[in-house]
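Summary of structural features
The chain contents come next:
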Amino acid sequence: MASAALDLVSLIVPDYDVAIRFFVDVLDFTVAEDRPSLTTDGRAKRWVVVRPPHRGTGFVLAKADGAVQQEAVGTQWAGRVGLFLRVPRFDETLARIRAAGLVVEGEPRRESYGAVVVFRDPFGNRWDLLGAS
């Protein structure tokens, strides 16, 4: 029997294309799916999935629909770090994050689990960028 695996996490974003550019250009993800779809009440939307290289857990980029979802953009984890991205080339990824003009909170530090620094995505969500230990 195969073991369970977390396949997708939904991330509320204000715009599909801005989110795709962030994930592809800054975090080096790939677009796994981008196709027309429908909301549960029949309105047009897109089904957009981005994944890190080598297929790990992906994100469904869910465009905010309505006031409640719009208010949740950038605050899905109530100001806490809610996403943890381990990368093989920490310095390269951090350079792309900075070049994109994203907020980096402080300087990288060394912990027992590797290099770490907090950054905010273009929507305000806080991430830990993690390097090798």
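Described below are features of the structure shown in this document.

Bringing the overall build of the chain into the picture now. Helix and strand counts for the chain come out as three helices and eight strands. For the chain, the succession of helices and strands along the chain, N to C, is β-α-β-β-β-α-β-α-β-β-β. Taken over C-alpha atoms, the radius of gyration comes to 16 Å for the chain, in line with the 14 Å a tight globule of 133 residues would show. Expressed as a percentage of its 133 residues, the buried residues of the chain come to 38%. Of all intrachain contacts in the chain linking residues separated by at least 6 positions in sequence, the fraction that spans at least 24 positions is 53%. Looking at the chain as shown, the accessible area adds up to about 7,800 Å², and 53% of this sits on carbon and sulfur atoms. Charge separation in the chain, taken as the distance between the mean sites of 17 positive and 17 negative side-chain charges, equals 2 Å.

Moving on, we come to the sheet that holds strand β7 (residues 114-120). Read from one edge of the open sheet, four strands run β5-β8-β7-β6, paired in mixed fashion. Each edge of the open sheet is held by one strand with a lone partner, namely β5 (81-86) and β6 (104-111). With strand direction ignored, the average angle separating the axes of adjacent strands in the sheet is 20 degrees. Against the sheet, helix α3 (residues 90-99) contacts β6, β7 and β8 (126-130), and its axis sits at roughly 175 degrees relative to β6.

This part is about the environment of Asp128. Inspection of the secondary structure assignment puts Asp128 in strand β8. Assessed through its relative accessible area of 10%, Asp128 is described here as buried.

This part is about the nonpolar core. The tendency in soluble globular proteins is for nonpolar side chains to be buried as a group. With 31 residues, the main nonpolar core has Phe23, Leu27, Phe59, Leu61, Trp127 and Leu129 as its most contacted residues. Contributing elements (two or more residues each) for this core: β1 (8-13), α1 (16-26), β3 (44-51), β4 (58-63), β5, α3, β7 and β8. Residue contributions to this core peak at six residues, all from α1. Ignoring sequence-local partners within four residues, the contact set of Trp127 consists of Phe22, Phe23, Leu27, Phe59, Val81, Leu83, Leu85, Val117, Val118, Phe119 and Asp121.

This next bit is on the sheet that holds β4. Taken in spatial order, the four strands of this open sheet run β1-β4-β3-β2, and their pairing is mixed. The open sheet terminates on both sides in strands that have one partner only, identified here as β1 and β2 (30-38). Each neighbouring strand pair of the sheet contributes to a mean axis angle of 25 degrees, computed without reference to strand direction. The pairing of β1 with β4 spans six bridges and is classified as parallel. Bridge pairing in β4 links Ser10 to Val60. Against the sheet, α1 makes contact with β1, β2, β3 and β4, and its axis sits at roughly 5 degrees relative to β3, the strand it touches most.

Moving on to the pairing of β6. Successive residues of a regular strand alternate their side chains across the two faces of the sheet. Here β6 runs beside β7; their pairing, made up of five bridges, is antiparallel. Bridged to Arg110 within β7 is Ala115. The loop that links β6 with its antiparallel partner β7 comprises two residues.

Rules and cut-offs
- Residues numbered from 1 in each chain as written.
- Predicted model: local features only at pLDDT ≥ 70, side-chain atom pairs only at ≥ 80, totals over all residues.
- Heavy atoms only, no water.
- Helix = DSSP H or I, 4+ residues; strand = E, 2+ residues; numbered from the N terminus.
- Rg over C-alpha atoms; globule rule 2.2 N^0.38 Å.
- Buried < 20%, exposed > 50% of the residue type's maximum accessible area, 1.4 Å probe, protein only.
- Contact = heavy atoms within 4.5 Å.
- Areas by Shrake-Rupley, 256 points an atom, 1.4 Å probe, with all protein chains shown as cover.
- Lys, Arg positive; Asp, Glu negative; His and termini not counted.
- Charge placed at Lys NZ, Arg CZ, Asp CG, Glu CD.
- Pairing = 2+ DSSP bridges.
- Axes fitted to C-alpha atoms, helices over the stretch in contact; angles between N-to-C directions.
- Core = buried A, V, L, I, M, F, W, Y, C linked by side-chain atoms within 4.5 Å.

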